[in-house]
Amino acid sequence: MKLKNVAAVGTLALATALALSACSGSSTGGTTTDAATPSAAAPSIDFASLSGTITAGGSSAQANAEAAWITAFTAQAKGVTINYDKSQGSGGGVTNWLAGSYDFAGSDSPLKDDQQASSQAICGAGGALNLPVYLDGVAVIYNLPGVTDLNLSSATIAKIFSLQITTWNDPAIAAENPDATLPATAITTVTRSDGSGTTTNFTNYLSQTQPTIWTNAPGNAWPIAGSSAQQGGSGVVNTVKAGEGTIGYADHSAIGDLTSANIQVGTGSDYVPFSAEGASNAFTAAATTKDTGVKGDLAQSVDYTKITEADAYPIPLISYQILCTTFADEAQGELTKAFVSYVASDQGQQIAAKNAGSAPIPADMLAEIQTSLELVK
Amino acid sequence: MSENTAVKSAKNANETTATGAASASTPGSAPTGGSRKVRAKSRPADRIFFGLSVGSAISIMVILAGVALFLIIQAVPAIVADWPSNGDLNEGPTAGFANFWSYVGPLIWGTLFASAIALVIGAPIAIGIALFISHYAPRRLAGALGYLVDLLAAVPSIVFGLWGIIVIRPFLLPLSDWLNTYLGWIPLFGGTVSTTGSTILAGGVVLAVMILPIITSISREIFLQTPRLHEEAALALGATKWEMIKLAVFPYGRSGVISATLLGLGRALGETMAIALIISPAILVSVRMLTEGENSQTIAANIALNFPIATTLQREALIGTGLLLFVISLAVNMLARVIAGRAGASANRKRKAMLAQLPPSDPSTVLAVDDVLAKRHAAEDVERSEEASVEQTESEIDEEKRKGTDA
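Residues numbered from 1 in each chain as written. Chains lettered and ligands numbered in written order. Predicted model: local features only at pLDDT ≥ 70, side-chain atom pairs only at ≥ 80, totals over all residues. Heavy atoms only, no water.

1. Brief notes about the overall build of chain B
- Counting its secondary structure elements, chain B contains 13 helices and 2 strands.
- Counting only residues that meet the buried cut, chain B has 40% of its 407 residues in that class.
- The contacts in chain B between residues at least 6 apart in sequence include a share of 74% that link residues at least 24 apart.
- For chain B, the exposed surface amounts to about 22,200 Å²; the carbon and sulfur share of it is 67%. (Helix = DSSP H or I, 4+ residues; strand = E, 2+ residues; numbered from the N terminus. Buried < 20%, exposed > 50% of the residue type's maximum accessible area, 1.4 Å probe, protein only. Contact = heavy atoms within 4.5 Å. Areas by Shrake-Rupley, 256 points an atom, 1.4 Å probe, with all protein chains shown as cover.)

2. Here's the deal with the pairing of strand β4 (residues 128-143) of chain A
All names here are of chain A.
- The element β4 is extensively covered by neighbouring structure, given that 16 of its 16 residues are classed as buried.
- The pairing of β4 with strand β14 (residues 316-324) spans 9 bridges and is antiparallel. Its bridge partner being in β14, Gly137 is matched across the sheet by Pro316.
- By the bridge criterion, 6 bridges tie β4 to strand β8 (residues 246-251) in an arrangement that is antiparallel. Looking across to β8, one finds that Val140 is bridged to Tyr249. (Pairing = 2+ DSSP bridges.)

3. Observations concerning the interface of chain B and chain A
- Residue-level contacts link 27 residues of chain B with 25 residues of chain A.
- In this assembly, chain B packs against chain A so that about 1,800 Å² is buried in total across both faces, 49% of it on carbon and sulfur atoms.
- For the chain B face of the interface with chain A, the top three residues by lost area are B:Leu305, B:Pro308 and B:Ile309, together amounting to 27%.
- A salt bridge links A:Lys112 to B:Glu91; the nearest nitrogen and oxygen atoms lie 2.8 Å apart.
- Viewed at the interface, chain A and chain B are joined by 9 residue pairs in polar contact (both at pLDDT 80 or more). (Buried area = accessible area lost by both parts, 1.4 Å probe. Salt bridge = Lys/Arg side-chain N within 4 Å of Asp/Glu carboxyl O. Polar contact = N/O pair within 3.5 Å; in protein donor to acceptor, adjacent residues only side chain to side chain.)

4. Some remarks on the domain arrangement of chain A
Residue and element names in this part refer to chain A.
- The assigned domain composition of chain A is domain 1 (12-135 + 319-373) and domain 2 (138-279).
- A separation of 31 Å is found between the C-alpha centroids of domain 1 and domain 2.
- Between domain 1 and domain 2, the contact holds 9 residues from the first and 7 residues from the second.
- For the pair domain 1 and domain 2, the summed buried surface comes to about 530 Å²; carbon and sulfur atoms form 54% of the total.
- Scanning the region where domain 1 abuts domain 2 turns up 0 salt bridges.
- Applying the counting rule to domain 1 against domain 2 returns 0 residue pairs in polar contact (both at pLDDT 80 or more).
- Taken together, the residues of the side of domain 1 that touches domain 2 break down into 6 nonpolar, 2 polar and 1 charged. (Domains from an automatic or database assignment. Nonpolar A, V, L, I, M, F, W, Y, C, P; charged D, E, K, R; others polar.)

5. Some thoughts on the nonpolar core
- Grouped together as the largest cluster of nonpolar side chains are 104 residues, with contacts concentrated most on A:Phe73, A:Val140, A:Phe161 and A:Phe202.
- Sort the elements by how many residues they give to this core and β4(A) lands first, with 11 residues.
- If you look at the next biggest cluster of nonpolar residues, it comprises 60 residues, including B:Tyr103, B:Ile117, B:Ala123 and B:Ile328. (Core = buried A, V, L, I, M, F, W, Y, C linked by side-chain atoms within 4.5 Å.)

6. Some remarks on the packing of aromatic side chains
- For the structure on display, the rule yields 26 aromatic pairs over all chains.
- For the pair A:Tyr205 and A:Tyr304, a centre-to-centre distance of 5.7 Å together with 75° between the ring planes defines the contact as edge-to-face. Here A:Tyr304 lies in the loop between β13 (300-302) and β14 and A:Tyr205 lies in helix α8 (residues 197-209), a separation of 99 residues in the sequence.
- Using a relative accessible area of 2% as the deciding quantity, one classes A:Tyr205 as buried.
- Relative to B:Trp163, the ring of B:Phe160 lies with its centre 6.3 Å away and its plane at 70°, an arrangement referred to as edge-to-face. Here the residue B:Phe160 and the residue B:Trp163 both occupy positions in helix α6 (residues 157-183), the gap between them amounting to 3 residues, near one helical turn.
- Take B:Phe160: its relative accessible area is 6%, and that puts it in the buried class.
- Among the aromatic side chains, those forming a connected cluster through ring pairs are A:Phe161, A:Phe202, A:Tyr205, A:Trp214, A:Trp222, A:Tyr249 and A:Tyr304. (Phe/Tyr/Trp six-rings, centres within 6.5 Å; stacked < 30°, edge-to-face > 60°.)

7. Brief notes about the sheet that holds strand β11 (residues 271-272) of chain A
Residues and elements named next belong to chain A.
- Strands sit in the order β5-β10-β11 across an open sheet of 3 strands; the sheet is mixed. This sheet does not close on itself; its edge strands, each paired only once, are β5 (151-152) and β11.
- Bridging between strand β10 (residues 262-264) and β11 involves 2 bridges; their strand directions are antiparallel. Counterpart to Gln264 in the pairing with β11 is Tyr271.

8. Let's talk about the pairing of strand β6 (residues 188-192) of chain A
Residues and elements named next belong to chain A.
- The element β6 is largely enclosed, with a buried count of 5 among its 5 residues.
- Note that β6 and β8 share 3 bridges and pair parallel. Pairing of Thr189 across the sheet is with Ile247, part of β8.
- Bridge count for β6 against strand β7 (residues 228-230) is 3 bridges, and the pairing is parallel. Along β7, the bridge assignment pairs Thr191 with Ala229.
- Handedness of the β6-α8-β7 crossover: right-handed. (Right-handed = clockwise from strand over helix to strand, strands pointing away.)

Pasting the structure below:
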């Protein structure tokens, strides 16, 4: 009885959500079957015919989005249960998926070559697909009383995080912020103490844009000792908030009411704050599909130096859903395909944007994902 | 003949009354004077209970061996791998280490260092609380206090972690600044002082609170077991309360308190969440307690923080560090036993040596031992006071000399 009520409330909430995001247009919240259109706008999913359980896990960055997708999907497909375990993290998600326990893995980085090769053990010769379904940005957050608007270039960020700039009134920061009154407070950099996809994205950005200043190899563990290392994105956010003169990086969707810096695009004079459109534009500008030798694979390689327009946010964060081209159990394959297809629809992206604060994946990439999903069986 | 009937009657008793052993021994064996063992017939319940208890005893060995075996098998690939050239191990959390041992070395140091801080802060307070409860507090207060301390053990470590982040970190900042300014020349307090408070000192303080209940409750029980006779004897001989505790309670409880402390150490070694949440770790060997970036990471926290993101071989490396934590904990527990055993043995030796000085007689002997102790104590006091008086006269002479030169 209680459960039924919850489900009813869920459906109601979904209907409201859909009504609010009416600009996506193509769906009518009440019906169980969406009107099919050829593009990615709304997938042709026969929700009523679906039943079963999808087991997945991995990236915690896309956890909020997964939760929203699952609520929306299962509200329409009553017979489906989806479990997404975010405690595993990206690495654990891929490990468990390779062991055959997950239908798909959520990961902040696409499969590596050796992982792609070993995935043939569970996926057959077709291999595995990396589908970019979640887009966000890495925000540079700071807590400096009296300063509410801060411009930072990639060079200055690299110097701050490699501990070459140690006070807030450093000439390099002052030159970029002529209007701000910068105190002589010492800078405390706040980083992640646990392995993280956010760290991968951020160190990738630093090493690509400023290879002479940031000489450490990019990776999921913060490479430089001397910062205040905290557990989880929330740990970083809380420590930046509690300290004075602190600066850190976190998924934009997790920063709460903290102020984030405007980041210089390219080498020009434009400093861009985070926005969903900015992240989408950055994806269009910088992300290209890697040739992994797997048909339909959409693993992206991001070239941060290509983000030069003032309408793009310079540090996008891409997260993937990884699944087999060939499922051992065909019905399970259809079910998983239906969910991922829903996630990669315009409607799915709107739901994530609304509930998890993410940015929508550009429409042409969504169409490519739908094409790749055709290969899944 | 009479024996036979006795056994028979015992058997009958067994068969008629369901409450086995007690009734079996009383009626039958009494007349024979216990010259021959009468064996009670074993019943199903006996056999089942025997089996259960033996099974439990064996299972603990099997579980422990199983855990050890799992750790070893999982850890070996990472231990033997060539780290700099291995594609898995030269990136992410395990990047930049020459081999397994250079990775785990700083972690072992960090684990021991954090536990040592916790022990230095926590153990004296815990023993003080135990002593207060057992010997100083009024009865009603002692009960309540003991209950509170036990309650502390029931607080989940994640709660301690959050408390550490929100309360202890900012609370310790002024102290950190003060220590760094005035005692910064001591390596422990040197370096750039933290502005967020994520120091190993904060972690150590929270750990100290977490080990309090273990050390306190065991020490309290041991202090309470001090023979009343010893205490009264000491008091009767004119000892003050503190002297009585020093003479009767501490020597009696020493090995137990050491065991309690080492059990607390074991808890501190394995603590994960509080450390993972509070300190800002780095994998390096450092004795600095107040810095942001030079806090040595502990094994357990390192596993918790990096396991989710780790690839297969990195996981095996983390499990390898877990194996070493297992070994360290085992070593600490064994050390606890050895120390407890040795302390007990030496105390016995001392007692025997003292007994040898006395005429062999009954209860008074125990009192007499304390008497001997008290005498020694008194003698020492006399010596001390004599020394003091000598010093005094010397200083008086000095002063006179000075006066002389002044004049």
